[in-house]
Amino acid sequence: MTQFKTKHGYEGLLIVIEGTDGSGKSTQLQLLKKSIQAQSYGVIISEWKTSRLIANVIDDAKERNLLNATTYSLLYAADFADRLENTIIPALKSGFIVLLDRYYYTALARDVVRGQDIEWVKNLYDYAPEPDLIFYLDMPVDVLLKRIIGTTGLNYYESGRDIGFSSDFYKSFEIYQDKCLEQYEKMKSEYNFISIDGTKSIDEIHSIMNHEVQKILDSGVLY
Amino acid sequence: MSKLTEQHNYKGTLVCVEGIDGSGKSTQLALLRDWLKSTGHDVIFTEWNSSELICQTTKLAKKKNMLSPRTFSLLHAVDFADRLKQVIDPALKAGFIVLADRYAYTAFARDVARGVDPQWVRNVYNFAIKPDLAIYFDINPQDAMERICSNRAPKFYEAGMDLKLSNDPYESYIIFQGRVINEYQKMVDEFGLIKLDAMDSIHSKQVRIREMLKSVLNNKGVNI
């Protein structure tokens, strides 16, 4: 087997799961965490929009509809920077496997759908370390819609209602998620996503992911 | 392509003042504002780090020393973007004279002095509208420190203590603000900032500023 080298130069591993809301990311992260832990590796999970600095500001601003496309982008970029500097990079430096629920690809998709110039958004995140693996849970929009309506319900920003695609909630959600999927589709090859059919069973998806992670672990990169 | 290098087409006029704290820019802007109001112009004033959306968070984070150069930069960009879209842009469209106490140049000076990449921060702010008049008050750090620190020590971020340049806040202030000033001076050429000597009298500076503004307004067909 060829010697595996991390793409970011830190000792640990950076593994990302991307996909729209309702695609099953969190479930898979938990499963991955368990299987990695079972092999005595250090592992942490970090989720999108959870910085101590800014996450509650975003929630509050969203609740009061205070955001425009630019402040939306910048607030998420600030949240990301804070988590990157205080959680992700320190963990990578100490040799942890860092599992990420969303990475800056989420921002690229959402911000571009909100009308931002893609180069401007890329610049915001250009200092972010490159992940060692990026899994993308590919879900058709109609399945996504059912999942979300059946669980959390349609939320204002997740339905892109701030953009004004349609005054009909369902229609707006459909258009918004469709446009996000379109952006993810474009990123697949640019960023080497490992695309997985999100309609497969939880176990099947887990075993695909686990296989990829195992290949890297077996290379002895973390010994 | 940055909007900061293209002239805007709004009816209104955008004036900003720049310089480190203690350079007298706010005094000059206040005098200008009162004069413009007394002559019956529609004036609106906006200042750095004052947006409802984020300024309390930034202030709190500064108090707790929670900010890195990158998050410091991004939070101020949020503030600026919010004010630009909510205040500056609509007022310019409506024909106001917008007076801004600090503008994107403050970010370019401070963030770069903190080690942020100059091109990165310029790209972040590339949606900023180019001012019709941007005045920079040049002062040396010793003079500024005498003015603002007569009854208090320099504050943590103001002194650049986050950069660990020195354990002494006064010494750190001089080094850090020296860097900020250095960045401002480079922007005189890059963005056409108009440099005034902060040590000139309040009166002589105000006379110069009014002259410059009159000429800007006359070029737009506004008589004053």
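Because the structure is a prediction, the values reported are computed rather than measured.

Asks: Sorry, what's going on with unusual backbone geometry here?
Replies: Keep in mind that most residues, glycine aside, have a negative phi and that most peptide bonds are trans. Residues and elements named next belong to chain B. Positive phi is not limited to glycine here, since asparagine 49 has a value of about 50°. Within the secondary structure layout, asparagine 49 lies in the loop between β2 (43-47) and α2 (55-63). On the basis of neighbour counts, which here come to 17 C-beta atoms within 10 Å, the residue asparagine 49 falls in the partly exposed class. One non-glycine residue, asparagine 65, lies in positive phi territory at about 55°. Look at asparagine 65 and you get exposed, because 10 C-beta atoms sit within 10 Å.

Asks: Sorry if this is basic, but what is going on with the packing of helix α3 (residues 69-93) of chain A against helix α4 (residues 104-113) of chain A here?
Replies: For any two helices packed against each other, one specifies the crossing angle of their axes together with the interaxial distance. Residues and elements named next belong to chain A. Interhelical geometry of α3 versus α4 gives an angle of 180° and a closest axis separation of 11 Å. On the basis of their axis angle, the class for α3 and α4 is roughly antiparallel. Contact residues: Ser73, Tyr76, Ala77 and Phe80 in α3; Tyr104, Ala107 and Asp111 in α4. For the contact of α3 with α4, the per-class residue count stands at five nonpolar, one polar and one charged.

Asks: Looking at this structure, I do not really get the environment of leucine 36 of chain B. What am I missing?
Replies: Residue and element names in this part refer to chain B. As for its position among the elements, leucine 36 is in helix α1 (residues 25-38). Through-space distance from the C-alpha of leucine 36 to that of arginine 210 is 9.6 Å; in sequence the pair is 174 residues apart. With residues near it in sequence (within four places) discarded, leucine 36 still touches His41, Val43 and Ile97.

Asks: Mind showing me how you'd approach the sheet that holds strand β3 (residues 97-101) of chain B here?
Replies: For sheets, the rule is that strands pair by backbone hydrogen bonds, running either parallel or antiparallel. Residue and element names in this part refer to chain B. If you trace the five strands from one edge of the open sheet to the other, you get β2-β3-β1-β4-β5, paired in parallel fashion. Either end of the sheet is taken by a strand with one partner, and the two such strands are β2 and β5 (194-197). Strand-to-strand twist across the sheet, computed as the mean angle between neighbouring axes with direction ignored, equals 20°. One ladder, built from four bridges, connects strand β1 (residues 13-18) with strand β4 (residues 133-138); its direction is parallel. Its bridge partner lying in β4, cysteine 16 is registered against alanine 134. Helix α3 (residues 69-93) contacts β1, β2 and β3 of the sheet and is inclined by roughly 160° relative to β2.

Reading the values: the criteria
- Residues numbered from 1 in each chain as written.
- Chains lettered and ligands numbered in written order.
- Predicted model: local features only at pLDDT ≥ 70, side-chain atom pairs only at ≥ 80, totals over all residues.
- Helix = DSSP H or I, 4+ residues; strand = E, 2+ residues; numbered from the N terminus.
- Buried ≥ 20, exposed ≤ 12 C-beta atoms within 10 Å, placed from the backbone.
- Axes fitted to C-alpha atoms, helices over the stretch in contact; angles between N-to-C directions.
- Parallel < 35°, antiparallel > 145°, perpendicular 65-115°, else oblique.
- Contact = placed C-beta atoms within 7 Å.
- Nonpolar A, V, L, I, M, F, W, Y, C, P; charged D, E, K, R; others polar.
- Pairing = 2+ DSSP bridges.

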